[in-house]
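Here is what each chain is made of, one letter per residue.
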2 protein chains.
Amino acid sequence: MSSEFRYSQTYFEGLDTDDPLKFARDDFHIPDDLIYFDGNSLGPMLKDIPARINEFLTQEWAEDLIASWNKHDWFASPFRLGQKLAPMIGAKDNEVVVTDIVSINLFKLIIAALRLRPERRKIVSEQGNFPTDLYVIDGAIKVLGQEHFLHAVENRSDILDAIDDETALVLLTDVHYKTGHRLDMKAITEKAHHHGAVVIWDLCHSAGVLPVKLDHIQADFAVGCGYKYLNGGPGAPAFLYIAERHHGAIDQPITGWWSHAAPFEFSDDFIGMSGIGRSLTGTQSILALRCFEIAIDHRLHFNINEIREKSIQLCDAFIGVIEQECADFDFKLITPRAAEWRGSQVAFEHDNAFPIVQALIDQGVVGDFRHPNVLRFGFNPLYNRFSDIWRAGEILSHIMRNETWRAPHFNQRRAVT
Amino acid sequence: MSSEFRYSQTYFEGLDTDDPLKFARDDFHIPDDLIYFDGNSLGPMLKDIPARINEFLTQEWAEDLIASWNKHDWFASPFRLGQKLAPMIGAKDNEVVVTDIVSINLFKLIIAALRLRPERRKIVSEQGNFPTDLYVIDGAIKVLGQEHFLHAVENRSDILDAIDDETALVLLTDVHYKTGHRLDMKAITEKAHHHGAVVIWDLCHSAGVLPVKLDHIQADFAVGCGYKYLNGGPGAPAFLYIAERHHGAIDQPITGWWSHAAPFEFSDDFIGMSGIGRSLTGTQSILALRCFEIAIDHRLHFNINEIREKSIQLCDAFIGVIEQECADFDFKLITPRAAEWRGSQVAFEHDNAFPIVQALIDQGVVGDFRHPNVLRFGFNPLYNRFSDIWRAGEILSHIMRNETWRAPHFNQRRAVT
């Protein structure tokens, strides 16, 4: 852009007109006048979900009852969803299951990964990683007898140096939940493998919105959630990836009847299923899986590279508009400017982040506050428009100029922020 | 009953007419002409679930989006459901949460229980327990370093003798999933406590259909599922109970952000929530929880003693009818005749159990085959009628007399039996 270039409503409306993804928005229920930049926390609902769920309830549960385990292939749900999801993260169709929740899948994989390197004790992660990742590492270290230790680097730039011949496991989130900073998955995985370590990637903030190439980086393990960019519904089940080359050695700790080779023989002795199924544990909510499956099926109609291209444009536009319209108000960008090092979110630090986020929500612009001073905005190219970016910038500028965020009710904390 | 008494259709129709619970059936969707004796595997759907779920989807998810975590109290769901469920199992309202799945809750509680008795190594259970319980014990022993061992008694009558001063933990299912035999929870818990051990009760086949009195027996820990007698939907979330006196020492291994005292501070350091919340791990399917909550709310309108009384009558009637109408066909009752030692299910062994169950299903009588030779029938007094018992007996008698079960298609095994 030339230095004289200024963003304008007309400019963004033009981008919307030319947007090849513009029709996708019609598939989602977006409340009137709402600018929703929080699909990285809870993705909106596809319009056809209520009818499809109603069909599931009234036909499969209510009418076909127990026969549905066969008739509607309920038992295969974790595998079927995994197969459909696989291409979105560069996995083979036998390398992914959808099951349980992210934290529990992490626990399973951390133990399984450490068992691959029984002589090593060091786990590398980073401070400020999504906290559950660190908590689960702590819990796993404790249950294994406190012989392992966590080396959590202070800065992401120190990760590569922290990986050495003592390292058993590296556990990282590729796109940082707060800053949106994206790691070099390939370099980190290569370094880990060079030193004989394995890596677990937490894809919660990347899967579905940017091309994750687990095959290309020769990934070992990964997890991710269904309720953010994948629009699977509030608290949707999580996914779990194990590279095929590790399938012979999968040894996860929570072996239930769904990880058994022949679950319906109800044998006292545990004989593990071969392959990715070994990572399952027990009976899953078929309702929650079906809801997520509808969203996955929809997503398969879109090209992830096209999604990524628009995501980059949306983030660039948002940074540009805030810096143009709110230049006087001390917003400090903490997301990388370089698109290649970014996920699909933009975050600013500001001393008054909390009330500003509340004032924005009050004006119909939904972003997140993240403790202690971060405003976080996530963009999903399937329903966010360029004109939304412009309007959000104008609203934020108005809030800052008029200091409406100072109103006492915007400063009141709630249970869930 | 006198020796001349014979069951008849008229007799059972009379019982239905006098049944104080007869109107409850109208609340459930029961397919036309289906006799469903499998509510102990997948409970039928309440009729108002589709409308209520539609409301949840279109208003809470689609319209209120991320604000629903506060506005509709999503975050409190595991606690709220637990509070409502508590009186059904004799628990206080701060002793139960609804979260995750049975197997994973067992894993959490096994580790937490063993940590209460760090100097002991013996775990008592029984052979032929629901297999996942044994598999999860195995997985827990392994992750803790193989120093613990499982003593699984061959006969339930040997359980009390197996509990000694070496015992750290007793893990049992009060109502056996196959035979329906009910254990003396009080005697076993007392014996365990006398020897300084703790007990985990798996209530999968009792909660909701008979009065479980965890307070009365001074229980330590319990788990149970939502999708059987509690009608929470296919794969509904599970519940987890920890007696208040253990709350100060809850130390479960899968600590995620939902077990943190201040989850929204996103702190690197884990500080566990006090109380039952410490047993949570991470983000739950709010859709699955809501579906279960509708069923729990419905159940609160009924008296568990009234349910139990009818359950006993249904089981007695079923045993009586089969023994009267099918006396020539070698069905061997493996469920106790004495009501106090029974859950709400009746099981018979028969050499041709598999094809007979298929032939029954073909005639609209749904029970379960359980490997290798068991026919299992579960009764839920809220929708099963006495006249259903009579008709099922007539149909089974017809199948046996005409040997219709010999048809090849009834002998074909499927993925899920």
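Residues numbered from 1 in each chain as written. Chains lettered and ligands numbered in written order. Predicted model: local features only at pLDDT ≥ 70, side-chain atom pairs only at ≥ 80, totals over all residues. Heavy atoms only, no water.

Colleague: Honestly, the overall build of chain A in this entry has me stumped. Any pointers?
Modeller: Helices and strands together make up the secondary structure of chain A, namely 12 helices and 13 strands. Since a compact globule built from 417 residues should have a radius of gyration of about 22 Å, the 22 Å found for chain A is in line with a globular shape. Projecting the C-alpha coordinates of chain A onto the three principal axes gives extents of approximately 70 × 55 × 40 Å. The proportion of buried residues among the 417 residues of chain A is 65%. The contacts of chain A with a sequence gap of at least 6 include a subset with a gap of at least 24, amounting to 73%. Looking at chain A as shown, the accessible area adds up to about 14600 Å², and 47% of this sits on carbon and sulfur atoms. Here chain A contributes 40 positive and 58 negative side-chain charges, whose respective centroids are spaced 1 Å apart. (Helix = DSSP H or I, 4+ residues; strand = E, 2+ residues; numbered from the N terminus. Rg over C-alpha atoms; globule rule 2.2 N^0.38 Å. Buried < 20%, exposed > 50% of the residue type's maximum accessible area, 1.4 Å probe, protein only. Contact = heavy atoms within 4.5 Å. Areas by Shrake-Rupley, 256 points an atom, 1.4 Å probe, with all protein chains shown as cover. Lys, Arg positive; Asp, Glu negative; His and termini not counted. Charge placed at Lys NZ, Arg CZ, Asp CG, Glu CD.)

Colleague: Honestly, the pairing of strand 6 (residues 198-202) of chain B in this entry has me stumped. Any pointers?
Modeller: For a regular strand, the rule is simple: side chains alternate between the two faces of the sheet. All names here are of chain B. Within strand 6, five of the five residues are buried, which leaves the element mostly enclosed by the surrounding structure. Pairing geometry for strand 5 (residues 167-173) and strand 6, over five bridges, is parallel. Counted as the bridge partner of Leu 169 is Val 198 from strand 6. Taking the sense of rotation as the criterion, the β-α-β connection linking strand 5, helix 8 (residues 185-194) and strand 6 turns out right-handed. Sheet topology places strand 6 next to strand 7 (residues 221-224); three bridges connect them, and they run parallel. When the bridges of strand 7 are listed, Ile 200 appears paired with Phe 221. (Pairing = 2+ DSSP bridges. Right-handed = clockwise from strand over helix to strand, strands pointing away.)

Colleague: I'm lost on the packing of aromatic side chains in this one. Help?
Modeller: The description of an aromatic ring pair rests on the distance of the ring centres and on the angle between the ring planes. Evaluated as defined, the whole model comprises 59 aromatic pairs over all chains. These aromatic residues form a ring-pair network of at least three members: Phe56(A), Trp69(A), Trp74(A), Phe75(A), Trp257(A), Trp258(A), Phe264(A), Phe266(A), Phe130(B) and Tyr177(B). (Phe/Tyr/Trp six-rings, centres within 6.5 Å; stacked < 30°, edge-to-face > 60°.)

Colleague: Can you help me understand the pairing of strand 7 of chain B in this one?
Modeller: Residues and elements named next belong to chain B. On strand 7, burial covers both faces: Phe 221 and Val 223 on one face and Ala 222 and Gly 224 on the other are all buried. Summarising the sheet, strand 7 and strand 8 (residues 239-242) pair through four bridges and their orientation is antiparallel. Opposite Val 223, over in strand 8, you have Leu 240 as the bridge partner.

Colleague: Mind showing me how you'd approach the interface of chain A and chain B here?
Modeller: The accessible area lost on association of the parts is a frequent measure of interface size. Taken residue by residue, the interface counts 85 residues in chain A and 85 residues in chain B. Interface of chain A and chain B: buried area, both sides summed, is about 7200 Å²; carbon and sulfur atoms make up 69% of it. On the chain A side of the interface with chain B, the three residues burying the most area are Trp61(A), Tyr135(A) and Phe266(A), jointly 12% of the side's total. Our count for the chain A to chain B interface comes out at two salt bridges. Residue Lys142(A) pairs with Asp251(B) through a salt bridge whose shortest N-O separation is 2.7 Å. Applying the counting rule to chain A against chain B returns 24 residue pairs in polar contact (both at pLDDT 80 or more). Only helix 2 (49-61), helix 3 (68-71), helix 5 (102-116), helix 6 (131-143) and helix 9 (286-299) of chain A provide two or more residues apiece to the side of chain A that touches chain B. Among the elements that take part in the side of chain A that touches chain B, helix 6 of chain A stands out by supplying 10 residues, more than any other. Tallied by class, residues from the side of chain A that touches chain B come to 46 nonpolar, 27 polar and 12 charged. (Buried area = accessible area lost by both parts, 1.4 Å probe. Salt bridge = Lys/Arg side-chain N within 4 Å of Asp/Glu carboxyl O. Polar contact = N/O pair within 3.5 Å; in protein donor to acceptor, adjacent residues only side chain to side chain. Nonpolar A, V, L, I, M, F, W, Y, C, P; charged D, E, K, R; others polar.)

Colleague: Is there a simple way to think about the side chain of Ser103(A) in this case?
Modeller: Relative to the helices and strands, Ser103(A) resides in helix 5. You can call Ser103(A) buried: its relative accessible area is 3%. The contacts of Ser103(A), once residues within four sequence positions are left out, are Thr132(A), Val136(A), Ile254(B), Gly256(B), Thr281(B) and Gly282(B).

Colleague: How should the pattern of salt bridges be read in this particular structure?
Modeller: Opposite charge on two side chains makes pairing possible when the charged atoms of those side chains draw close. Evaluated as defined, the whole model comprises 51 salt bridges over all chains. One salt bridge in this structure joins Arg121(B) and Glu147(B), with 3.3 Å as the shortest N-O distance. Taken as a pair, Arg121(B) in the loop between helix 5 (102-116) and strand 3 (122-126) and Glu147(B) in the loop between helix 6 (131-143) and strand 4 (149-153) lie far apart in primary sequence, 26 residues in all. Overlapping salt bridges, with partners in common, bring together Glu60(A), Arg80(A), Lys84(A), Arg290(A), Glu293(A) and Asp297(A) in one network.

Colleague: Explain the packing of helix 10 (residues 304-325) of chain A against helix 12 (residues 386-402) of chain A to me, please; I cannot follow it from the model alone.
Modeller: Packed helices, taken two at a time, are described by the angle their axes make and the gap between the axes. Residue and element names in this part refer to chain A. Their axes nearest at 9 Å, the elements helix 10 and helix 12 cross at an angle of 25°. Between helix 10 and helix 12, the angle falls in the class roughly parallel. Two packed elements cross with a definite hand, and for helix 10 against helix 12 that hand is right-handed. Between helix 10 and helix 12, the residues in contact are Lys 310, Gln 313, Leu 314, Ala 317, Phe 318, Val 321, Ile 322, Gln 324 and Glu 325 and Phe 386, Ile 389, Trp 390, Ala 392, Gly 393, Leu 396 and Ser 397, respectively. (Axes fitted to C-alpha atoms, helices over the stretch in contact; angles between N-to-C directions. Parallel < 35°, antiparallel > 145°, perpendicular 65-115°, else oblique. Left-handed = near helix turned anticlockwise from the far one by under 90°.)

Colleague: It is not clear to me how the relation of the copies chain A and chain B should be interpreted in this structure. Could you clarify?
Modeller: Each of the two chain copies can be brought onto the other by rotation about an axis and movement along it. In the superposition of chain A on chain B (RMSD 0.0 Å, axial shift 0.0 Å), the rotation amounts to 180°. Overall, the copies show the geometry of a two-fold rotation axis. Both copies contact each other with a shared surface, as 100% of the interface residues of chain A are interface residues in chain B too. (Least-squares fit on C-alpha atoms with pLDDT ≥ 70 in both.)

Colleague: Any chance you could explain the environment of Glu325(B) here in plain terms?
Modeller: All names here are of chain B. Mapped onto the fold, Glu 325 is located in helix 10 (residues 304-325). Relative accessible area serves as the criterion here: at 21%, Glu 325 is assigned to the partly exposed category. When the C-alpha atoms of Glu 325 and Gln 345 are compared, they prove to be 19 Å apart, with 20 residues separating the residues in sequence. Not counting the four nearest positions on each side in its chain, Glu 325 is found in contact with Arg 6, Trp 390, Gly 393 and Ser 397.

Colleague: It is not clear to me how the confidence of the model for chain A should be interpreted in this structure. Could you clarify?
Modeller: Interpretation of this model should avoid reading the predicted coordinates in detail wherever pLDDT is low. Per-residue pLDDT for chain A averages 96, and the proportion of residues at 70 or more is 98%. The ipTM value of the predicted complex is 0.97, and its pTM value is 0.97. (pLDDT = per-residue confidence, 0-100.)

Colleague: Where do I start with the sheet that holds strand 7 (residues 221-224) of chain A in this structure?
Modeller: The pairing of strands in a sheet comes from backbone hydrogen bonds and takes either a parallel or an antiparallel form. All names here are of chain A. Taking strand neighbours across the sheet as the criterion, the seven strands line up as 2-8-7-6-5-3-4 in an open arrangement whose pairing is mixed. For this open sheet the edge positions go to strand 2 (96-98) and strand 4 (149-153), each flanked by a neighbour on one side alone. Neighbouring strand axes in the sheet, compared pairwise and without regard to direction, differ in orientation by 15° on average. Where strand 3 (residues 122-126) lies against strand 5 (residues 167-173), three bridges are found, and the strand directions are parallel. Bridge pairing in strand 5 places Lys 122 opposite Thr 167. Against the sheet, helix 4 (residues 77-85) contacts strand 2 and strand 8 (239-242), and its axis sits at roughly 125° relative to strand 2.

Colleague: In this structure, what is going on with unusual backbone geometry? I would like to understand it.
Modeller: Trans is the prevailing form of peptide bonds, just as negative phi is the prevailing case for residues other than glycine. A cis amide bond, omega -5°, links His371(A) with the succeeding residue Pro372(A). One non-glycine residue with positive phi stands out, namely Asp100(A), at about 50°. Summarising the element assignment, Asp100(A) is placed in the loop between strand 2 and helix 5. Since its relative accessible area comes to 7%, Asp100(A) is described here as buried. Although it is not a glycine, Gln146(B) adopts a positive phi angle of roughly 65°. Note that Gln146(B) resides in the loop between helix 6 and strand 4. Classification of Gln146(B) as exposed rests on a relative accessible area of 52%.

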